Amino acid sequence: MEGKANLEAAIEQLQNVEKQMRLAGDVAGTKKAVTEILHLCFEAKDWKSLNDQIVLLSKKRGQLKQAVTAMVQQAMQYIDETPDLDTRIELIKTLNSVSAGKIYVEIERARLIRKLGKIKEEQGLIAEAADLMQEVAVETFGAMAKTEKIAFILEQVRLCLERQDYVRAQILSRKISPRVFDADTSKEKKKPKEGDNVVEEAPADIPSLLELKRIYYELMIRYYSHDNDYLEICRCYKAIYEISTVKENPAQWTPVLRKICWYLVLSPHDSMQSSLLNSTLEDKNLSEIPKFKLLLKQLVTMEVIQWTSLWNAFMDEFESEKNLLGGSLGDKAAEDLRQRIIEHNILVVSKYYSRITVKRVAELLCLSVQEAEKHLSDMVVSKALVAKIDRPLGIVCFQVAKDSNDVLNSWAMNLEKLLDLVEKSCHQIHKETMQSEILPSFDLLIAVDIYHPLKCANVEVLFLIVAEFRDAMHRKLNEISKLLRSEGGRKPWREEHLTGIPNLIPVFCPNAVCTEVSCEFTIIA
């Protein structure tokens, strides 16, 4: 009782000093007075008086912001010194109520909420912890360190995943841009100018930016695993694989690269999957795990894959993933793997056949006719394949139907390419003729006549070659032939017809009429 009376007397004396300093506007004196009051309560281990004094001092009329900030920061140091959990929770709640709505102690309030949320989680109250953490929008705190902001948001995402609130987890994860992890931390920080907000240093328990990057992508893997979005899971593992600390250690990148290979195989075929597949095959580290390199090569090669032989070869590797980084590939992974192999085989068949019977497709896929038809229909519905099934005849047609506009456009493009090649040939002949001072009297005449835009396009090209310059033109037309080949056109000349000028007939001109002096031929599109 005597000790408590002495404590109250000392607190009352300091309160008088605090009042004088506060009314005089003395910031340093007020801060010292309020911190001394809290220190006396802590030394006496009177936690109830400590909570009461915190609330009382914060509600004083005209209380200085600096004094409230110093008081909250001082009391936060006493949290870990509390004798039991109830006292700790009570102190945190007191400080939380004092700092609520005060922007100058928003960082301290965020740290208090995080500590309280951790306590709730340890008690098994995941939902309460998640609700507490979501009350704070740290992305608006200008004075908080970037790594601390990211760590706080990641904790919010983790708690939402723990309570299986995947929608809110996705919303919170979008507050973090993946580009923030690519910032160069080696650059020296610029000194803040006068008037700028001073960014506080992150506490010692906050992970580094690279560690936060890995935590972020591991949480996103958990999110995408809920929907079995294999391609996004693969991209997350790819980002983890690119971390410098992971790439330098074979013990760390080997299981990550295995996961990348598996999820690439499990991903549906599209342009993104194809790009990732080819880039992974070019990785030199893939040679360290040759079985997975063989697996990816089988997918790239346009050949039918036998499911039974593939599964027998990779079943042990598939099962061993449970004991490696990230755990198993999912409950439906084996079923989805078979589905992807079937889809790959159907795409291979569509490359080699324009029309094929459903029965033959089923034989190639080692499926029944009903299963083959079902898989074909699913791929057509998902727009992964263009095909039509004639069920009465049992025929699948993989040809893409073109409308009249597409046909006309393709003809027009072919004609334009042909005329460009002829024009370049004329320029080359005239150039060589002028250089060698040989002036043969010949002309290259072009007449274009499109009779019907939807049926055919006729181009008549007439070469009038004077017989006396036959030997000179033989060399020139050989150069034209090489030029046309370099331009990527169809085979311009038959090699056996290069022995005589009158017999220089293009392959694509079956209706050509050749004479001793002139060569006239017709091109059918």
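Residues numbered from 1 in each chain as written. Predicted model: local features only at pLDDT ≥ 70, side-chain atom pairs only at ≥ 80, totals over all residues. Heavy atoms only, no water.

This paragraph deals with the overall build of the protein chain. The helix and strand tally for the protein chain stands at 21 helices and seven strands. A burial count over the protein chain gives 41% of its 525 residues as buried. Pairs at least 24 residues apart make up 59% of the contacts formed inside the protein chain by residues separated by at least 6 positions. Accessible area of the protein chain: about 30200 Å², with a carbon and sulfur share of 51%. (Helix = DSSP H or I, 4+ residues; strand = E, 2+ residues; numbered from the N terminus. Buried < 20%, exposed > 50% of the residue type's maximum accessible area, 1.4 Å probe, protein only. Contact = heavy atoms within 4.5 Å. Areas by Shrake-Rupley, 256 points an atom, 1.4 Å probe, with all protein chains shown as cover.)

A few words on unusual backbone geometry. We note that Asn228 has phi near 55 degrees; this positive angle belongs to a residue other than glycine. Note that Asn228 resides in the loop between α10 (209–226) and α11 (230–241). For Asn228, a relative accessible area of 29% translates into the label partly exposed. Positioned with a positive phi, Lys383 is a non-glycine residue whose angle comes to about 65 degrees. Among the secondary structure elements, Lys383 is positioned in the loop between α19 (369–381) and β2 (388–390).

Turning our attention to the sheet that holds strand β3 (residues 395–397). Strand order in the open sheet made by the three strands is β1-β3-β2, with antiparallel pairing throughout. The open sheet terminates on both sides in strands that have one partner only, identified here as β1 (355–357) and β2. Direction aside, neighbouring strands of the sheet carry axes that sit 25 degrees apart on average. As paired elements, β2 and β3 share three bridges and run antiparallel to each other. (Pairing = 2+ DSSP bridges. Axes fitted to C-alpha atoms, helices over the stretch in contact; angles between N-to-C directions.)

Let's shift gears to a nonpolar patch on the surface. Taken together, the side chains of Met302, Tyr352 and Tyr353 present a nonpolar region at the surface, about 310 Å² in accessible area. Overall, Tyr352 belongs to the exposed group, its relative accessible area being 58%. (Patch = residues over 30% accessible without salt bridge, like charges linked within 9 Å, V, L, I, M, F, W, Y side chains within 5 Å. Salt bridge = Lys/Arg side-chain N within 4 Å of Asp/Glu carboxyl O.)

Within the fold, Gln156 resides in helix α8 (residues 146–162). The exposure class of Gln156 is buried, given its relative accessible area of 2%. With near-sequence residues (within four places) excluded, Gln156 lies in contact with Met133, Gln134, Val136 and Leu172.

Looking only at helix α15 (residues 290–300), the buried set comprises Phe292, Leu295, Leu296 and Leu299. Angularly, the buried residues of α15 cover 90 degrees about the axis, an arc narrow enough to put them on a single face. Elements that come into contact with the buried residues of α15 comprise α13 (250–266), α14 (271–281), α16 (307–320) and α17 (333–352). (Arc of directions from axis to C-beta.)

The predicted model of the protein chain averages 77 in pLDDT, with 78% of residues at 70 or higher. Across residues 438–471 the pLDDT falls below 50, and counting only partners more than four positions away or on other chains, this stretch makes 76 contacts in the model. Residue range residues 489–525 is modelled with pLDDT below 50. Its contacts to residues more than four positions away, or to other chains, number 87 contacts. (pLDDT = per-residue confidence, 0-100.)

Attention now moves to the layout of surface pockets. When its volume is computed, the second largest pocket comes out at roughly 580 Å³. Along its surface, the second largest pocket is lined by 23 residues, and Arg111, Arg114, Lys115, Lys118 and Asp205 are the ones closest to its centre. Elements supplying a minimum of two residues to the lining of the second largest pocket: α5 (85–99), α6 (106–122) and α8. Residue contributions to the lining of the second largest pocket peak at nine residues, all from α6. (1 Å grid on protein atoms, 1.4 Å probe; cavity = no way out; pocket = protein on both sides within 12 Å on 5 of 7 lines; lining within 4 Å. Points joined across faces, edges and corners; volume = space filled by probe spheres on them.)

Before going further, it helps to examine the environment of Tyr216. Within the secondary structure, Tyr216 sits in helix α10. Tyr216 gets classed as buried once you look at its relative accessible area, which sits at 7%. Counting along the chain gives 43 residues from Tyr216 to Ser173, while the straight-line C-alpha distance between them is 8.4 Å. Setting aside residues up to four positions removed in sequence, Tyr216 forms contacts with Leu154, Ser173, Ile176, Pro178 and Phe181.

At a closest axis distance of 10 Å, the pairing of α8 and α10 adopts a crossing angle of 20 degrees. In this view, α8 runs roughly parallel relative to α10, as classed from their interaxial angle. You can see that α8 and α10 cross each other, and the crossing is left-handed. The segment α8 lies against α10, with Thr147, Ile150, Ala151, Leu154, Val157, Arg158, Leu161 and Glu162 engaging Leu209, Leu212, Ile215, Tyr216, Leu219, Arg222 and Tyr223. (Parallel < 35°, antiparallel > 145°, perpendicular 65-115°, else oblique. Left-handed = near helix turned anticlockwise from the far one by under 90°.)

Summarising the element assignment, Gln63 is placed in the loop between α3 (47–58) and α4 (65–76). Taking relative accessible area as the criterion, Gln63 reaches 15% and is therefore assigned buried. In the structure, Gln63 is positioned 45 residues away from Glu18 in sequence and 9.8 Å away in space, judged by C-alpha atoms. At 3.2 Å, the side chain of Gln63 forms a polar contact with the side chain of Glu18. (Polar contact = N/O pair within 3.5 Å; in protein donor to acceptor, adjacent residues only side chain to side chain.)

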